[in-house]
Amino acid sequence: MAASLLCLTPACSDDDNDDSIANPEAKKAASLINDIRKNPDAYSSQMGVSLSEVSARSALAWNDALAKVAQAKAEDMANRDYFSHVDLDGYGVNYFIYKAGYEIPASWYSDKSSNYFENIAAGNATADAMVKQLVYDGGRDNSSAGHRSSLLGISDWNSTCTDIGIGYAYNADSKYKHYWSVIIAKHGY
């Protein structure tokens, strides 16, 4: 079962936000996301989409519980060769972040396939390319770009999120080779 792949022990507590949890590309992605959140319009050209109407937001705090779940999810997608918010055993990220000790309401993980927090990307070897893929979000306008809204806190829901964890995995034998999971959430809803 994929649930056993994730760190589901007390060691996954988000109380120890240790920078050593993430690989360098994951930390670089978090830093770029926070830079864009501070001054979205300055990144319009680089992201290939107008961010001039996107309000600046506070930086997201790195969270080890979310990072461990994101890393395990990216590795699972790479190793089991799929690309989906729901793993091959039917579990969504809400279940995994709850099991890792990240507090969310019980109704948000009672359906094991629920996902309110995860953005996934594939095929990009670098943090910059992955962030651009998610912020560009198919070139949609800001009102319908779900990944952009999540990363940049555009909607009312996403603007309240405070924490981020990112995972990256590579498997040369998988379809997309490079897999990313970006989880952005908030305690105490």
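Given the structure is predicted, the values throughout are model-derived calculations rather than measurements.

Criteria and cut-off values
- Residues numbered from 1 in each chain as written.
- Predicted model: local features only at pLDDT ≥ 70, side-chain atom pairs only at ≥ 80, totals over all residues.
- Heavy atoms only, no water.
- 1 Å grid on protein atoms, 1.4 Å probe; cavity = no way out; pocket = protein on both sides within 12 Å on 5 of 7 lines; lining within 4 Å.
- Points joined across faces, edges and corners; volume = space filled by probe spheres on them.
- Helix = DSSP H or I, 4+ residues; strand = E, 2+ residues; numbered from the N terminus.
- Nonpolar A, V, L, I, M, F, W, Y, C, P; charged D, E, K, R; others polar.
- Buried < 20%, exposed > 50% of the residue type's maximum accessible area, 1.4 Å probe, protein only.
- Contact = heavy atoms within 4.5 Å.

### Observations regarding the layout of surface pockets
At step 1: Quantified by volume, the largest pocket comes out at close to 170 Å³.
At step 2: Lining the largest pocket, in full, are His85, Asn115, Tyr116, Phe117, Glu118, Asn119, Gly146, His147, Ser150, Trp157, Asn158 and Ile184.
At step 3: Sorting elements by how many residues they give to the lining of the largest pocket places helix α6 (residues 146–152) first, with three residues.
At step 4: Among the residues forming the lining of the largest pocket, the class breakdown is four nonpolar, seven polar and one charged.

### Looking at unusual backbone geometry
Negative phi characterises most residues that are not glycine, and trans characterises most peptide bonds.
At step 1: The phi angle at aspartate 81 is positive, at roughly 55 degrees, despite the residue not being glycine.
At step 2: The topology assignment puts aspartate 81 in the loop between α3 (64–80) and α4 (93–99).
At step 3: Even without a glycine there, the phi angle at aspartate 137 is positive, about 50 degrees.
At step 4: Summarising the element assignment, aspartate 137 is placed in the loop between α5 (127–136) and α6.

### Remarks on the side chain of serine 181
At step 1: Tracing the chain through its elements places serine 181 in strand β4 (residues 178–185).
At step 2: Residue classification places serine 181 among the buried positions, given a relative accessible area of 0%.
At step 3: Apart from the residues within four sequence positions on either side, serine 181 is in contact with Ala70, Lys73, Ala74, Glu118, Asn119, Ile120, Gly165, Ile166 and Gly167.

Spatial relationships are all this shows, so hold off on functional conclusions.
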